[in-house]
Amino acid sequence: MIRATLATISTLLALALPAAAADDFIAAPTLRASVTVTSDVVRVGDLIDNAGSAALIPVYRSPDLGTTGTLTVGQVLSVLRAKQVIGVMTGDIKEVQVTRLARTLASKDIENAVAAALERRFGLGDAANLTITFDRSVAEMRLDASNSGALQPVATRYDARSGRFDIAFEIANDGNAAPTKLRFTGIAIETVEVAVLTRDIDRAELLKSSDLSLERRPKAEVAGEPASRDRSIGMQLRRGMRAGTPIRAADLVRPDFVVRDQAVTIIYQVPGLYLTTRGKAIESGAEGDTVSVLNLQSKRTLTGVVTGRGQVTVQGASQSAPMAPAVEQTSSVKRDNVPAAAALAQSLIQTPTAEIAQAQIPQVRLSQAPAKSE
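Okay, the overall build of the protein chain next. When its secondary structure is counted, the protein chain shows 6 helices and 24 strands. Buried residues in the protein chain amount to 34% of all 374 residues. Of the contacts made within the protein chain by residues no fewer than 6 positions apart, 55% connect residues no fewer than 24 positions apart. Taken as a whole, the protein chain presents about 22,000 Å² of accessible surface, with 53% of it coming from carbon and sulfur.

Written out as structure tokens, the structure reads:
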């Protein structure tokens, strides 16, 4: 009976020993080859796995925000032994890299935040049209990784006369920490995109693509609507302008087809009649403009519409004075209008001193279309 009881006890002990050994097993601390931290100190728990109660013990100052530092295994083990952490498994690790996480604010991000805070306020326009210049150079900024909130403006001041701004921002942190405060000062100027002359341009020149560049200029420099580059090509300036001058829409005019004192062809046109003679422009004009021209034969002033380069058309209803024909004067008349055309031609060629009865039209060539056969 005793022997059977001892055997049972032995069996139970044999079964219980593995479980007890498993409960008593403690995983060995193991060194990490790569470590990332968010605080300003590196702790034992950051360097090794299974640090136990020693995990929160600080051992190193963290690298600068957004940078990585390197430690040899010997350096790490020496510091850990000083903190009573021994038996660390290193495997084949030769060095340990420690990286401090950070939130990076690029200079462009800060510039955009300032422009957004000023947008459509204090008489300014869209943020995209604001040029920001800081009092101090704003390079890339690194903040603690816990600063996860947006750049929120909490105080904004702007002087429209000088363009100076003073803006305070806050960035919310993870947890209950107080927000991070940032302040920027400088000058903000509203700009416009405008066509600028690349060389001196005279009044009579047509603008070409190579004569223009597209730039952003302070809005105050461009009084009125700025001219676009595409709109300016092929146009003329109202006056000569120097290189570097921004062009306004009001500075542009359609190109002159007729220039003052230029020899022009005067056309007299009514249904069934087309007469031309020589003349001289008394004023300049673009296509479609009404200008005055001098009939060189009769010395009379006529008013007509510019219809082409060096060409002015005088309509029958708007004739202000009769014309005298030039040597190369021509006409084209339909057969049915021959009598009326002859009378009209006679009235057109009379000079101020000639009598109507003595008017001759030997220089007018009438071309009569052949009559249709019955």
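In terms of nonpolar packing, the biggest core is built from 23 residues, with Val-114, Leu-118, Ile-132, Phe-134, Phe-165, Phe-169 and Phe-184 touching the most fellow members. Residue assignment for this core shows that the elements contributing at least two residues are helix 4 (107–118), strand 9 (130–134), strand 12 (164–171) and strand 13 (180–197). Looking at which element gives the most residues to this core, the answer is helix 4, with 6 residues. Sequence-distant contacts of Phe-184, that is, excluding residues within four places in its chain, are made with Ile-110, Phe-134, Val-138, Met-141, Phe-165, Asp-166, Ile-167 and Phe-169. Ranked by size, the runner-up nonpolar core spans 21 residues in total, among them Tyr-60, Val-73, Leu-80 and Val-88.

As a further point, take the pairing of strand 9. The alternating pattern of strand 9 places Leu-130, Ile-132 and Phe-134 on a buried face, while none of Thr-131 and Thr-133, on the opposite face, is buried. For strand 9 and strand 13, the ladder comprises 5 bridges, and the chain directions are antiparallel. Across the sheet, Ile-132 pairs through a bridge with Ala-188, a residue of strand 13.

All right, on to the environment of Val-196 then. Tracing the backbone shows Val-196 in strand 13. For Val-196, a relative accessible area of 1% gives the class buried. Spatially, the C-alpha atoms of Val-196 and Arg-248 are 9.4 Å apart, while their sequence positions differ by 52 residues. Excluding anything up to four places from it in sequence, Val-196 contacts Asp-211, Leu-212, Ser-213, Glu-215, Arg-217, Gly-244, Thr-245 and Pro-246.

Pairing in this open sheet of 3 strands is mixed, and the strands run 2-7-6 from one edge to the other. The outermost strands of the open sheet, each flanked by one partner alone, are strand 2 (34–37) and strand 6 (68–72). On average, each strand axis in the sheet is tilted by 20° relative to the strand beside it, whichever way the strands run. Of the strand pairs in this sheet, strand 6 and strand 7 (residues 95–100) are connected by 5 bridges, and their pairing is antiparallel. From the neighbouring strand, Leu-71 faces strand 7, where its bridge partner is Val-96. Along the sheet face, helix 3 (residues 73–82) touches strand 6 and strand 7 and points at about 80° away from the line of strand 6.

The predicted coordinates ought not to be read in detail in places where the model reports low pLDDT. Mean pLDDT over the protein chain stands at 80; residues scoring 70 or higher make up 77%. Across residues 1–24 the pLDDT falls below 50, and counting only partners more than four positions away or on other chains, this stretch makes 0 contacts in the model. Contacts for the low-pLDDT stretch residues 317–329, under 50 throughout, to residues beyond four places or in other chains number 50 contacts.

Of the pairings in the sheet, the one linking strand 11 (residues 152–158) to strand 12 comprises 6 bridges and is antiparallel in character. The residue of strand 12 that forms the bridge with Thr-156 is Ile-167. In sequence, strand 11 turns back onto strand 12 through a hairpin of 5 residues, with Gly-163 there showing a positive phi of about 80°. Bridge analysis of strand 12 against strand 13 gives 8 bridges, and the strand direction is antiparallel. Paired with Ile-167 across the strands is Phe-184, a residue of strand 13.

Glancing now at the pattern of salt bridges. A full pass over the atoms with the stated rule returns 22 salt bridges. The partner of Glu-170 in a salt bridge is Lys-181, and the shortest N-O contact between them spans 2.5 Å. Note that Glu-170 is positioned in strand 12 and Lys-181 in strand 13, a separation of 11 residues in sequence. A salt bridge links Arg-254 to Asp-289; the shortest N-O distance between them is 2.9 Å. Of the two residues, Arg-254 is situated in the loop between strand 16 (252–253) and strand 17 (256–258) and Asp-289 in the loop between strand 20 (285–286) and strand 21 (290–295); the sequence distance between them amounts to 35 residues. Assessed through its relative accessible area of 45%, Arg-254 is described here as partly exposed. It is possible to trace a salt-bridge network through shared partners that takes in Arg-199, Glu-205, Lys-208 and Asp-211.

So, how was this worked out
- Residues numbered from 1 in each chain as written.
- Predicted model: local features only at pLDDT ≥ 70, side-chain atom pairs only at ≥ 80, totals over all residues.
- Heavy atoms only, no water.
- Helix = DSSP H or I, 4+ residues; strand = E, 2+ residues; numbered from the N terminus.
- Buried < 20%, exposed > 50% of the residue type's maximum accessible area, 1.4 Å probe, protein only.
- Contact = heavy atoms within 4.5 Å.
- Areas by Shrake-Rupley, 256 points an atom, 1.4 Å probe, with all protein chains shown as cover.
- Core = buried A, V, L, I, M, F, W, Y, C linked by side-chain atoms within 4.5 Å.
- Pairing = 2+ DSSP bridges.
- Axes fitted to C-alpha atoms, helices over the stretch in contact; angles between N-to-C directions.
- pLDDT = per-residue confidence, 0-100.
- Salt bridge = Lys/Arg side-chain N within 4 Å of Asp/Glu carboxyl O.

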